[in-house]
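Each chain, letter by letter, is given below.
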Amino acid sequence: MNMKRTFVILLAFIASGLPGYAASLGTAARTVIPVEVQQVINVDYRRMRNSETAMDMKAKLLPPNLKQFEDALKDIGVNPDKDVDQITLASFRQKDHGLQMIGIAQGQFPRKKLALKIAKQNIKGVKKGTAIIYPMSGGMQMTFLDDWTMLFGDIAAVKAALDARDNSSMSLNANHDITDMIPSVEDGTVWSVLDAAGTQTMLKSALGSAADLGDFESMKKKLIGSRYTMDFDHGVDFNLNVVTSDNMTASTLSSVLKAGILFKKMNATATEKTAIDGTTVDNDANKLVVHFKADDRNFQQLIESPMFASVVR
């Protein structure tokens with residue numbers, strides 16, 4: 001990846017990791033996410049449905065893991081575009097299994113109807129504690145946490161999540177570095193929080209070759225975490241905060257990212273220049289702050305641009 005992709009990789013990253021009401025994290029979701037969480041992404045489907053731009057972005061940039069969760073829901077008779085209120089994706093580290101991911105769908109599910117469909121398809125569940133885990137399409141496993149919440153993932157991830165809920169291991173509630181960041185972002189249509197390791201991966205991708213110029217290997221040790229929101233109420237509004245250990249690191253990251261954006265603008269198309277002009281990069285004390293704002297028309301043109309497509313494909 002080269003420096004001319006610096007701007008759009010930030011948007012591409014949030015779309016691939018990917019959408020009124022605030023999409024706050026419910027109790028069932030909090031208790032089922034294991035403590036060693038790397039990233040939590042929350043997508044408010046209700047607010048997404050109110051924005052044509054948001055739905056266009058979702059259709060074009062739906063990441064494989066979210067599509068897999070949606071396909072598994074459809075397989076048992078759930079319509080994600082009507083029945084789902086929000087989906088939470090959580091990646092976490094698990095000993096002997098590496099990085100795992102679970103999906104948590106919340107909505108108004110016709111549970112009796114779904115139970116009949118599962119029985120009709122002769123899908124046999126396996127008990128774990130009080131839960132029954134059902135095999136679904138694409139190698140997915142599913143279980144109900146309550147009448148409004150479903151848990152998805154591969155078998156190892158689902159079992160780890162149920163252990164967290166049943167207190168056999170610790171849950172997200174014990175990870176204060178992550179939970180302390182959630183209140184400041186959970187009003188977003190799409191929001192996410194990342195730990196230090198997740199933030200390092202995100203910034204390394206965003207900076208591309210500019211990371212080498214800015215001595216990223218030295219700076220990454222001073223990254224504490226990050227959080228972002230994306231809203232579609234009035235065009236597209238994206239805000240990212242990267243928390244570092246000191247003012248100097250935040251200032252250096254800001255300078256490196258600004259340089260990459262200026263480099264890109266030299267060879268950008270008219271649509272891309274408009275997007276770049278709608279982006280601000282700064283530092284506030286120990287935080288790198290990135291803000292992007294665009295109206296619906298300009299953002300839809302950006303999604304269609306070759307530059308954007310080359311990053312997200």
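Now for a quick tour of the structure. (Residues numbered from 1 in each chain as written. Predicted model: local features only at pLDDT ≥ 70, side-chain atom pairs only at ≥ 80, totals over all residues. Heavy atoms only, no water.)

**Considering the overall build of the protein**
- From N to C terminus, the protein includes 16 helices and twelve strands.
- Residues classed as buried in the protein amount to 54% of the 313 residues present.
- Taken as a whole, the protein presents about 13900 Å² of accessible surface, with 50% of it coming from carbon and sulfur. (Helix = DSSP H or I, 4+ residues; strand = E, 2+ residues; numbered from the N terminus. Buried < 20%, exposed > 50% of the residue type's maximum accessible area, 1.4 Å probe, protein only. Areas by Shrake-Rupley, 256 points an atom, 1.4 Å probe, with all protein chains shown as cover.)

**Digging into the pattern of salt bridges**
- What the rule picks out here adds up to seven salt bridges.
- Salt-bridge contacts for Asp195 lead to Arg93; the nearest nitrogen and oxygen are separated by 2.6 Å. Taken together, the positions of Asp195 in the loop between β8 (190-194) and α10 (196-207) and Arg93 in strand β2 (residues 84-94) put the pair 102 residues apart, joining distant regions of the chain.
- For Asp195, a relative accessible area of 16% puts it in the buried group.
- As a salt-bridge pair, Asp166 and Arg165 come within 3.1 Å of each other at their nearest N and O atoms.
- Each of the salt bridges in this network shares a partner with another, and the network as a whole consists of Arg47, Asp231 and Asp233. (Salt bridge = Lys/Arg side-chain N within 4 Å of Asp/Glu carboxyl O.)

**Looking at helix α13 (residues 247-265)**
- Its 19 residues give α13 an end-to-end C-alpha distance of 27 Å, which sits within 8% of 27 Å, the value for a rise of 1.5 Å per residue.
- Of the positions making up α13, those classed as buried are Thr249, Ala250, Leu253, Ser254, Val256, Leu257, Gly260, Ile261 and Lys264. Seen along its axis, α13 keeps its buried residues to an arc of 165 degrees; they face one direction. Exposed side chains of α13 directed beyond 90 degrees from the buried face belong to Met248 and Leu262.
- The opening residue of α13 is Asp246, an N-cap whose side-chain oxygen sits 3.1 Å from the backbone nitrogen of Met248. (Expected span 1.5 Å × (residues − 1). Arc of directions from axis to C-beta. Polar contact = N/O pair within 3.5 Å; in protein donor to acceptor, adjacent residues only side chain to side chain.)

**Side note on the sheet that holds strand β9 (residues 223-231)**
- Strand order in this open sheet of twelve strands is β4-β5-β6-β7-β3-β2-β1-β8-β9-β10-β12-β11, and the pairing throughout is antiparallel. Two strands bound the open sheet, and with one partner strand each, they are β4 (126-128) and β11 (279-284). Geometrically, the sheet is characterised by an average inter-axis angle of 15 degrees between neighbouring strands, direction not taken into account.
- Relative to β8, strand β1 (residues 37-44) is paired through five bridges, and the arrangement is antiparallel. The partner of Ile41 across the bridge, within β8, is Ser192.
- Contacts between α10 and the sheet are confined to β1, β2, β8, β9, β10 (236-244) and β12 (287-294), with β9 contributing the most and set at about 65 degrees to the helix. (Pairing = 2+ DSSP bridges. Axes fitted to C-alpha atoms, helices over the stretch in contact; angles between N-to-C directions. Contact = heavy atoms within 4.5 Å.)

**Topic: empty space enclosed by the protein**
- For the largest cavity, the calculated volume is near 40 Å³.
- Around the largest cavity, the lining residues are Phe69, Leu73, Ile87, Gly103, Ile104, Ala105 and Phe152.
- When residues of the lining of the largest cavity are traced back to their parent elements, those giving at least two are α5 (64-75) and β3 (98-107).
- With three residues, the single largest contributor to the lining of the largest cavity is β3.
- Of the residues assigned to the lining of the largest cavity, the class counts are six nonpolar, one polar and no charged. (1 Å grid on protein atoms, 1.4 Å probe; cavity = no way out; pocket = protein on both sides within 12 Å on 5 of 7 lines; lining within 4 Å. Points joined across faces, edges and corners; volume = space filled by probe spheres on them. Nonpolar A, V, L, I, M, F, W, Y, C, P; charged D, E, K, R; others polar.)

**Focus: the nonpolar core**
- Core analysis: the largest hydrophobic core is formed by 56 residues, its most contacted members being Met142 and Met150.
- Setting aside residues no more than four positions away along its own chain, Met142 makes contact with Ile76, Ile118, Ile132, Ile133, Tyr134, Met136, Met150, Leu151 and Phe152.
- By size, the runner-up hydrophobic cluster in this structure holds 27 residues, among which are Leu25, Ala28, Phe92 and Val185. (Core = buried A, V, L, I, M, F, W, Y, C linked by side-chain atoms within 4.5 Å.)

**A few points about the pairing of β12**
- Of the pairings in the sheet, the one linking β10 to β12 comprises eight bridges and is antiparallel in character. Its bridge partner being in β12, Asn241 is matched across the sheet by Val289.
- Bridging between β11 and β12 involves six bridges; their strand directions are antiparallel. Looking across to β12, one finds that Asp282 is bridged to Val289.
- From the end of β11 to the start of β12, which pair antiparallel, there are two residues, and Ala285 there has a positive phi angle of about 55 degrees.

**What about the environment of Met248?**
- Considering the arrangement of structural elements, one finds Met248 in helix α13.
- With 38 residues separating them along the chain, Met248 and Asn286 place their C-alpha atoms 7.5 Å apart.

**Remarks on the layout of surface pockets**
- Of the pockets and cavities examined, the second largest pocket occupies roughly 180 Å³.
- Residue lining of the second largest pocket: Arg111, Ala115, Ile118, Ile123, Thr130, Ala131, Ile132, Tyr134, Thr143, Phe144 and Arg165, and that is the complete set.
- Broken down by secondary-structure element, the contributors of at least two residues to the lining of the second largest pocket are α7 (111-120), β5 (131-135) and β6 (141-146).

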